Amino acid sequence: MNAPPQVVVGVLADEGLPEQVIASIADDLPGIFTTRVSGQTRWQVDHEVDQLPLDEDGDIPMRTLSERHRQDQGWDVLVLVTDLPRRAGTKPVVAGVDVEHGVAMISLPALGAVLVRRRVRALLVRVVRQLVSRRLGLDGDQHRQGTMARLREALAPTQRMSGEHQSAATHLALVGLRGRLRLLAGMVRDNRPWQLVPHLAGATAAAAGTAAYGVITSSFWKLADALSPLRLAGITVVTVVIMAVWLMVYNHLWDRPSVGVERRKAVLYNVSTAATLAIGVACMYAILYVVALLAAAVVIDSGYFAQTLGHPVGMGSYLNLVWLCSSVGIVAGALGSSLEDEETVRKATYSRRERERQERNQHRVDDGVKVR
């Protein structure tokens, strides 16, 4: 009896979120491929982590990476998983497949902010099936239709399109407003805005100091007591926007490219950067609010608080006071952010990370290692 054929699938993932996602599902992939691609095949899945390079055009050199890694590692097919958004013309790309060279690419931002692991598994089934169908003689229209139905359910709205780019024969692209919103949500998630807070030590210190001053100042007590919750909410929104805009302007995060194609890409990058900063500032605000509320509860005696305001006080009075103090503190935090290292904030933007990869690739070219 002949042994079933073996297919070795190599997965090369970017550092960060792609690395985490692939590491969490790698052990399940052989069984998934057996069930959904071919049950007559022995599957082996190897995964490695590396920062995928960009060529001089800003594209991932799929063919070059395939030739290099498949030969060195003994992989039959290669799947690249990146945290950078990719495009086919003007449409955001979820995946690209080059059957001739045995390589595919998955772009995580196009998968959105939720159910990422489920969508990656569904995409891996599709691209691996495309890559090995000729070798394994897979036909099974019914099987393929079932796979496609599951994929559409997980990834909609998408469309298959022929690729004009030299590195991929076909693309799976997002379509419509819903698709673009999914891409934006995925980009913001990959920027990990909550991680901005520890890196904004100067801003946090300035915000906390100002909020603390407000907590112990009677004029703040009276002003907070006079403001309605609606006005306090409006002040919160304005202060968060002010700090987000300040961070973007001061750190030169707003891209203004002159080329038409680059302008369209810059719009998406600018919106994702603005959303990332706004969420990061909102996280800082929430932390500041909790800390200031604890401080107010410890420091301010309720009797003295009521005597100063001229009426009985309850939890609502404390909440309103801390609400105002936190908002004023965030404005002071914008000024404190001027003391931060600009590189720390800039690394939260896609345009910056893409330029760094291209610069590293240029260094390789200058050293005589050409990335095609």
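Presented here is a report on the structure given in the accompanying data block. (Residues numbered from 1 in each chain as written. Predicted model: local features only at pLDDT ≥ 70, side-chain atom pairs only at ≥ 80, totals over all residues. Heavy atoms only, no water.)

### Let's talk about the packing of helix H9 (residues 218–226) against helix H12 (residues 302–309)
- Close contact between H9 and H12 brings their axes to 10 Å; oriented N to C, the two are set at 70°. Considering their axes alone, H9 and H12 lie roughly perpendicular with respect to each other. By crossing handedness, the relation of H9 to H12 is classed as right-handed. Across the interface between the two elements, Ser218, Trp221, Lys222 and Asp225 from H9 touch Tyr304, Phe305, Thr308 and Leu309 from H12.
- Residues that form the contact of H9 with H12 fall into these classes: four nonpolar, two polar and two charged. (Axes fitted to C-alpha atoms, helices over the stretch in contact; angles between N-to-C directions. Helix = DSSP H or I, 4+ residues; strand = E, 2+ residues; numbered from the N terminus. Parallel < 35°, antiparallel > 145°, perpendicular 65-115°, else oblique. Left-handed = near helix turned anticlockwise from the far one by under 90°. Contact = heavy atoms within 4.5 Å. Nonpolar A, V, L, I, M, F, W, Y, C, P; charged D, E, K, R; others polar.)

### Topic: the packing of aromatic side chains
- Inspection of the entire model under this criterion finds six aromatic pairs.
- Ring geometry for Trp221 versus Phe305: centroids 5.1 Å apart, planes at 70°, classification edge-to-face. Of the two residues, Trp221 sits in helix H9 while Phe305 sits in helix H12, which places them 84 residues apart along the sequence. Both residues of the pair, Trp221 and Phe305, count as buried. (Phe/Tyr/Trp six-rings, centres within 6.5 Å; stacked < 30°, edge-to-face > 60°. Buried < 20%, exposed > 50% of the residue type's maximum accessible area, 1.4 Å probe, protein only.)

### Here's the deal with the pairing of strand E1 (residues 6–13)
- Within E1, seven of the eight residues are buried, which leaves the element mostly enclosed by the surrounding structure.
- Judged from the eight bridges that link them, E1 and strand E2 (residues 42–49) form a sheet pairing that is parallel. Among the inter-strand pairings, Ala13 is bridged to a residue of E2, identified as Val49.
- Where E1 and strand E3 (residues 77–82) come together, five bridges link them in parallel fashion. Each residue of the ladder has a partner; that of Val11, found in E3, is Val79. (Pairing = 2+ DSSP bridges.)

Fair warning: the whole summary comes from geometry, so function is off the table for now.
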